[in-house]
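Structure assessment
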Amino acid sequence: MSYLKFDRRLMSNLDESLQREYIRTNRMGAYCCSSIVGCNTRKYHGALVIPIPELSPNNHVLLSSLDLSIVQHGVPFNIAVHEYRGDVFSPLGHKYIREYNVDVASSTTYRVGGVILKREFFLCHYEHRIIFKFTLLEAHSKTSLRFSPLLAFRDVKMLTHRNEQIDGTLHALRHGQAICLYPGYPRLCMQLSKENEFHYAPHWNENILYHKERERGYEHTEDLYVPGYFECVIEKDQPVYFSAGIEEVDPALLPEMFAKELEVRIPRLDFRSCLLSSAQQFYYRPNEQDGYLLAGYPWFGVRARDLFVALPGCSIYAGAPERYYRIMDTVIPDLDDFMSGRHASPLLTHLSDPDVGLWAVWCVQQFARVYGRDEARRLYGAFISRLVQYYMSNTHSQMHLEDTGLLYVYAKGRPISWMDAKLNGLAVIQREGYLVELNALWYNALLFYRELRPQEWNTELDILRERIERNFNAIFVNEHGYLFDYVTHQAAKDWSVRPNMIFAVSLPYTPLPRAVQRSVVEIVTRELRTPKGLRTLSPKSEGYRARCSGSQHERELSYYNGSVWSWLLGAYFEAYLKIYGRGALSYIERTLIGMEEEVHEHGVGTISELFDGNPPHTGRGAISLAMSVGEIIRSLSLLEEAKQKYENMNPINK
């Protein structure tokens, strides 16, 4: 029984199938992405979308889609799906779909009369190339396939329209053609595995509509250039392969290349294997030496905080420690450059946010938890020492270590934490002053430093530790038993109930007494916890917004005023285990089972960026977020570890 399988009923219902999207990546920043029915609903969708840093920092859509027609007795049946201006769908290829399966390769089975055809594809690892495989399962007469490439050659944040500037010149290749529509772009090489005939019939496919962009209040129609179509005969059990890449390939090698890609994929057989496969897709190697994690798809780059939060789950707990080593070897020099006032790599953004270095410490803590304190000390002890000294040096332009022992940040209206939504250049949630998670991370980092480098610990640092413990409780703990989200010297206290206080309980070292920890967990559970994660604002607090939809303005207001974020579940589960021990196991397990349905919904096989605050908690934003995937993988490992711990403590098992 396939785990990620969608039947004819769902695929033929566009109201359902268009809401489900897939993402496949190549570890070099490129991706292919669409709805599972093959109808592009975003300007970010495309069959081959690649980075071209010489043109812009964004990805670029080369091949928007590949329309397929099945030809019998000279009659073509186009089995593609497009939406056009006026809410018109044509052709209606979804009516021919019998099954969509993504357990290994993305696979769609079509039936047109007596023809049953299976289409599969892979985006090649470490190469900007997509390979489609077409297998004729059944046919009662001669059958041909017709391939019509729809070309965009544009930035993912833009749309293209009919114009006279394109260069439609075609260059013959072995079993194919190459084309480059505009200067500065690489040529797109389109080739088949067998002899074929190319019919030159240039035209524009006009007024294609992307309804996700319309929902978000953006320009939402474009015209795509079609140079003509390829046609070849297909025979039963003799697959035809179609390749689109930026370099020519030997067509005879396409079957072998496809088979090799199949060998290295993680089959999506259950919830965990879906997440492990998804975790691989964030891995980004811009060259042979460096490694990063992309924050998410389809529109995020490399963001420092996201990287450190997601990295343990996407590497250590995913059984891929080599990713952890490579990425840390890449980003630690970047952090050192930043702390020394030198220019760091432009690939790693948001390095200046005050909490980033402290998340790096937490990331090393997770390594130590799995591989031991001694190994963490050997590899990262000196880095932790440099980082703590930097935070004590008061050289950060937006942050100051005060006499209270706590870190105080000066935002000046700009977003400086993970709650980074903004309108007109100013943060929607203007968090500044003493931030609760920043100072929880600071206390945790200081004590982990003592753990790794005891020889450097002194009386001055011990006095600082005591000051933090005393003032953290005095400043953040309120009479209602929860923690203020942030506190400034001048402004009145903000009584909003937000999730950032959970880190003051979940982190390995906490300044809170046990009774306050319990109270925080109880309030978070009562007011913020949902089956998909933690709300960013309690429904009881002023300004709560139940849905994250509408225009960009509406969404910016909603992101952190009620929307649910799954990545917060990792910290929440840790805190819950601390407080309730064995009693937490079934509760955490039930919550994770509830999360499992998500891999069948918005982003198929992965976890969405965020969800609505109110039921049914619809997935929103990016279809795949590294922090969400990483922290759910880590949560599954924490649950299994806790189960084993309590089983070993059971006298019956001894």
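Here the residue index of a chain counts from 1 through its sequence in written order. Only residues with pLDDT of at least 70 are given local features in this predicted model, and only at 80 or more are side-chain atom pairs given and counted; all residues enter the totals for whole chains, interfaces and linings. By convention in this description, side-chain values take in all heavy atoms of the structure and omit both hydrogens and water.

Here's the deal with the pairing of strand β12 (residues 129-138)
To be explicit about the condition: Categorising residues by exposure relies on relative accessible area from a 1.4 Å probe, with only protein chains included: less than 20% of the type maximum marks a residue as buried, more than 50% marks it as exposed, and the intermediate range marks it as partly exposed. Only DSSP runs of H or I with at least four residues qualify as helices, and only runs of E with at least two residues qualify as strands; both kinds are numbered from the N terminus onward. Whether two strands pair comes down to DSSP finding at least two bridges between them.
Taking burial as the measure, the 10 residues of β12 include 8 buried ones, the bulk of the element. As paired elements, strand β11 (residues 115-123) and β12 share 8 bridges and run antiparallel to each other. Bridged to Glu-120 within β12 is Lys-133. Here β11 hands over to β12 after 5 residues, with Tyr-126 in that stretch at a positive phi of 60 degrees.

So, the packing of aromatic side chains
Inclusion rule: To pair, rings of Phe, Tyr and Trp, with the six-membered ring standing in for Trp, must have centres within 6.5 Å; the planes then decide the type, stacked if under 30 degrees apart, edge-to-face if over 60, and tilted in the middle. Two conditions define a charge located above a ring, namely a distance within 6 Å from the ring centre to NZ of Lys or CZ of Arg, and an angle within 35 degrees of the ring normal.
Enumeration over the complete set of coordinates arrives at 46 aromatic pairs. On the numbers, 6.2 Å between centres and 35 degrees between planes, the contact of Phe-6 with Tyr-100 is tilted. On the criterion of sequence distance, the pair formed by Phe-6 in strand β1 (residues 5-7) and Tyr-100 in strand β9 (residues 97-101) is long-range, its members being 94 residues apart. Given the relative accessible area of 1%, Tyr-100 is considered buried. With a centroid separation of 4.3 Å and 20 degrees between ring planes, the pair formed by Tyr-576 and Tyr-587 is classed as stacked. A residue pair is termed long-range when its members are at least 10 positions apart, and Tyr-576 in helix α15 (residues 568-580) and Tyr-587 in helix α16 (residues 585-596) qualify at 11 residues. Of the two residues examined, Tyr-576 and Tyr-587, each falls in the buried class. Cluster of aromatic residues (ring-pair linked, three or more members): Tyr-22, Phe-121, Phe-132, Phe-134, Phe-147, Phe-198, Phe-230 and Phe-242. Sitting above the plane of the Tyr-218 ring, Lys-43 keeps its charged end 4.8 Å from the centroid. Sitting above the plane of the Trp-457 ring, Arg-450 keeps its charged end 5.4 Å from the centroid.

A short note on the pattern of salt bridges
So the rule is basically this: The salt bridge criterion pairs a side-chain nitrogen of Lys or Arg with a carboxyl oxygen of Asp or Glu, the two atoms within 4 Å.
Within the structure shown, the criterion is met by 37 salt bridges. The partner of Arg-453 in a salt bridge is Glu-456, with the nearest N and O atoms 2.8 Å apart. Residue classification places Glu-456 among the partly exposed residues on the basis of a relative accessible area of 24%. Three or more residues are tied together by salt bridges with common partners; here these are Asp-462, Arg-465, Glu-466 and Glu-469.

What to know about the sheet that holds strand β16 (residues 188-192)
Condition: To get an axis, fit a line to the C-alpha atoms, keeping to the stretch in contact for a helix; angles then go from 0 to 180 degrees between the N-to-C directions. Here a residue-residue contact requires only that any non-hydrogen atoms of the pair lie within 4.5 Å.
The antiparallel open sheet is built from 9 strands, whose spatial order is β1-β9-β10-β11-β12-β19-β16-β15-β14. Both outer strands of the open sheet, β1 and β14 (170-173), are each paired with one neighbouring strand and no more. Between one strand axis and the next, the sheet turns through 15 degrees on average, direction left out of account. Pairing geometry for β12 and strand β19 (residues 240-245), over 6 bridges, is antiparallel. The residue of β19 that forms the bridge with Phe-132 is Phe-242. Running over the sheet, helix α4 (residues 254-263) touches β11, β12, β16 and β19 and is turned about 70 degrees from β11.

Here we look at α4
Formally: The arc in question is the one traced by the directions running from the helix axis out to the C-beta atoms.
Within α4, the full set of buried residues consists of Leu-254, Met-257, Phe-258 and Glu-261. Down the axis of α4, the buried side of the element spans an arc of 100 degrees, and every buried residue falls inside it. For α4, the elements touching its buried residues are β11, β12, β16 and β19.

Things to note about unusual backbone geometry
Here the amide bond leading from Tyr-297 into Pro-298 is cis, since omega sits at 10 degrees, within 30 degrees of zero. For Pro-298, the position within the fold is in the loop between β22 (296-297) and β23 (302-303). Pro-615 connects to Pro-616 through a cis peptide bond whose omega is 10 degrees. Within the secondary structure, Pro-616 is located in the loop between β34 (610-611) and β35 (619-620). Within the chain, His-73 stands out as a residue other than glycine whose phi angle is a positive 55 degrees. By relative accessible area, which is 69% here, His-73 ends up exposed.

Topic: the environment of Ala-279
The topology assignment puts Ala-279 in helix α5 (residues 271-282). You can call Ala-279 buried: its relative accessible area is 0%. Separated by 19 residues in sequence, Ala-279 and Pro-298 have C-alpha atoms that sit 14 Å apart. With near-sequence residues (within four places) excluded, Ala-279 lies in contact with Cys-314, Arg-323, Val-629 and Ile-633.

Structural notes on the side chain of Ser-64
With respect to the helices and strands, Ser-64 occurs in strand β5 (residues 59-72). With a relative accessible area of 2%, Ser-64 lands in the buried category. For Ser-64, the contacting residues outside a window of four places in its chain are Asn-40, Gly-46, Ala-47, Leu-150, Ala-152, Tyr-210 and Leu-224.

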